[in-house]
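Structure at a glance
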Amino acid sequence: MSEAVLPKSFDDLERFVPEWSLESEAERHWKRVNSDLPIVRAFHDTVNARIDAIYAYLNTLPILDPKRLDPPDRRLYYLAVTTVEMSHPLDLNWASTEIEDKFPAQRVEMIPIPGR
Amino acid sequence: MTTTITQTVFKGDTENLPRRVPIAERLTPEFFERERRDIFRKSWVPVARASEVPDPGSYVVKDMPTFKTSLLVVRGLDNQIRVFQNVCTHRGNKLVRGGAGCKRSFVCGFHGWSFNPEGGLAGITDEGAFRDIDRALLNLPVVNSGVWTDYVFVHMDPHPSETLGEWLGELNTGYDGYFEQFEQIAGYRVTLKCNWNLAINSFTEGYHTAYIHRNTVPDYQGGKNNPKRHRPYVELMERHHRYSAPANPDHRIHGMEETAFRYGRKAIPAFTDDMTGMPPGINVSRHANWAFDVVQFFPNLLLLFGNSWYVHIGYWPIDHETIELDNRFFMVKAKNLGEKISQEWVLSRGRQVLLEDMNTLEAQHQMLAAGAISHVQLSQQEISLQHHYKVADTMLGIVR
């Protein structure tokens, strides 16, 4: 039997894992900026419909460092964090997934922080 | 029903400040060399965090472009934090090339000289081949340093005219216990073509917030009783300044923000003015609709203090038109993974706000350096900038 991709009861979100369970801040930022708004909306709305269940499940786990979670829990955690990243253009009614009047993020070094 | 408009309470000397500041002259290489000599080398500046060197023997290397040198911050086996020039006293090789760690001995890669974590010369290889050696001259060169809360400051002048405590003045007390509650959740580094004064100025007033941040946090400050977003409290000290930002009590929490704050602590763009456990330096005036404080530790450290978060921005000039920004975001330590997800919501919104803040810096520098206008014109809501230039001029010996 192959290993579960996500914790049981979150099977319905498995299809998003390869593309959207992103472990670094930079990956999540660029995924948003480089994705079309309808794609972001479809992903966000589907996971957001389960967001309370995700919070409730992850809050039962005793580990605080996501990098040390069991793989299915870890994938679910980063799926939620990517969803959070995708929420801004939708909640702020932007015309696309990035605004124009801002400093070019490619010039900003995002430093990885332990335990994130 | 009457609406009481928030009035700014100013504390400190608000007279004799420059409201029309000559700026083009400040953007030249010659002027910056004066600033490097008379401001940066005559100020206590932050170099590291005490928590970066937690154990005896812990060290961290800090390259300091502003001073064109590299410093070694070490916690000695006696538990005292010291800062040294990162140099072997034999022939000047850079002793530790970078990074951080924990060591009992620092060994130079050139000829194997070694130093202990207290900076003392520990060993000279083939010592018998050296004649007339005075070991007292060969310890690591000490840089004056001091610790405030979790911050390690240095003073590059061998004989500072003031202690760190005297330099910090009113900021020296009032922050006990504040920093211990946080964990770092993000760090950003960026090099910009912008003079350091312009860079720090753009973060020390709230006037811009209604315009620059319209796309990301449109209603986070102000509100019906403060439509112009006037600061409720501004304090000008001998060199430093701080102000409190006004929350908007009618800020609309919706979408993922509502979820994030149901499972985690409120932070930008929603605020709580619950001051439980906050030391007296935070929201000094105990303003009711308080959002956060902005504090400039003159010359080049900016800290933003909220009650569940704080932000660090170090502004390190490399030359008259280049600056390195060191930005770090901290939040109250998460107690569960849900709180971490909520932190990530705050961070991903905050990152967009920061990208907006940085977006004017190079454009403004370009036009001012071109001499397109000679002066900048400052309002009373930009009084912190007026104060910045008065303090700078005083240190530079400029009388206007």
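Keep in mind it's a predicted model, so treat the numbers as computed, not measured.

Residues and elements named next belong to chain B. Looking at the element boundaries, N300 is found in the loop between β16 (290–297) and β17 (301–305). Overall, N300 belongs to the buried group, its relative accessible area being 1%. The residues touching N300, leaving out its near neighbours within four places in the chain, are F40, V45, P46, I200, I313, G314, Y315 and W316.

Where helix α4 (residues 51–58) of chain A meets helix α5 (residues 256–263) of chain B, the closest approach of the two axes is 11 Å, and the angle between their N-to-C directions is 25°. Looking at the two axes, α4 of chain A sits roughly parallel to α5 of chain B. Handedness of the crossing formed by α4 of chain A with α5 of chain B: right-handed. Counting all contacts with α4 of chain A, which are made through I51, D52 and Y55 of chain A, the residues of α5 of chain B involved are T259, A260, R262 and Y263 of chain B. Split into classes, the residues belonging to the contact of α4 of chain A with α5 of chain B amount to 4 nonpolar, 1 polar and 2 charged.

This part covers the environment of L6 of chain A. All names here are of chain A. As for its position among the elements, L6 is in the segment before α1 (17–20). We classify L6 as buried; its relative accessible area is 1%. As a C-alpha pair, L6 and P66 span 60 residues in sequence and 14 Å in three-dimensional space. Contact partners of L6, with chain neighbours within four places excluded, come to L13, E14, V17, P72, R75, L76 and L79.

As a further point, take the interface of chain A and chain B. Many authors give the size of an interface as the accessible area that is lost as the parts come together. Taken together, the contacts link 42 residues of chain A with 44 residues of chain B. At the boundary of chain A with chain B, total buried surface from both sides reaches about 3800 Å², with 55% on carbon and sulfur atoms. By the criterion of area lost to chain B, the three top residues of chain A are Y55, F103 and R116 of chain A, representing 19% of everything that side buries. Across the contact surface, chain A and chain B share 8 salt bridges. Elements represented by at least two residues in the side of chain A that touches chain B include exactly α2 (25–33), α3 (37–48), α4, α5 (71–91) and β1 (109–111) of chain A. Considering every element that reaches the side of chain A that touches chain B, the biggest residue donor is α5 of chain A, with 9 residues. Here the residues of the side of chain A that touches chain B sort into 21 nonpolar, 8 polar and 13 charged.

Cut-offs and rules
Every chain begins its residue count from 1, and numbering advances along the sequence as written. Labels follow written order: the first chain is A, the first ligand is 1, and so on. In view of the model being predicted, local features appear only for residues whose pLDDT reaches at least 70, and side-chain atom pairs are presented and counted only at 80 or more, with totals across whole chains, interfaces and linings using the full set of residues. The basis for every side-chain value is the complete set of heavy atoms in the structure, and neither hydrogens nor water enter the calculation. Under the scheme used here, helices are H or I runs from DSSP no shorter than 4 residues and strands are E runs no shorter than 2 residues, and both carry numbers assigned from the N terminus. Relative accessibility thresholds used throughout: buried, under 20% of the residue-type maximum; exposed, over 50%; partly exposed, between the two (1.4 Å probe, protein chains only). Contact definition: two residues touch when any of their heavy atoms are within 4.5 Å. What counts as an axis is a line fitted to C-alpha atoms, over the stretch in contact for a helix, and the angles between N-to-C directions run from 0 to 180 degrees. With respect to orientation, any angle under 35 degrees is reported as roughly parallel, any angle over 145 as roughly antiparallel, any angle of 65 to 115 as roughly perpendicular, and every other angle as oblique. Left-handed describes a crossing whose near helix is turned anticlockwise from the far helix through less than a right angle; right-handed describes the clockwise counterpart. Residues are sorted three ways: Asp, Glu, Lys and Arg are charged, Ala, Val, Leu, Ile, Met, Phe, Trp, Tyr, Cys and Pro are nonpolar, and all the rest, Gly among them, are polar. Summed over both partners, the accessible area (1.4 Å probe) lost when two parts come together is defined as the buried area. Here, a salt bridge means any Lys or Arg side-chain nitrogen found within 4 Å of an Asp or Glu carboxyl oxygen.

None of the figures reported here should be taken as evidence of function without further support.
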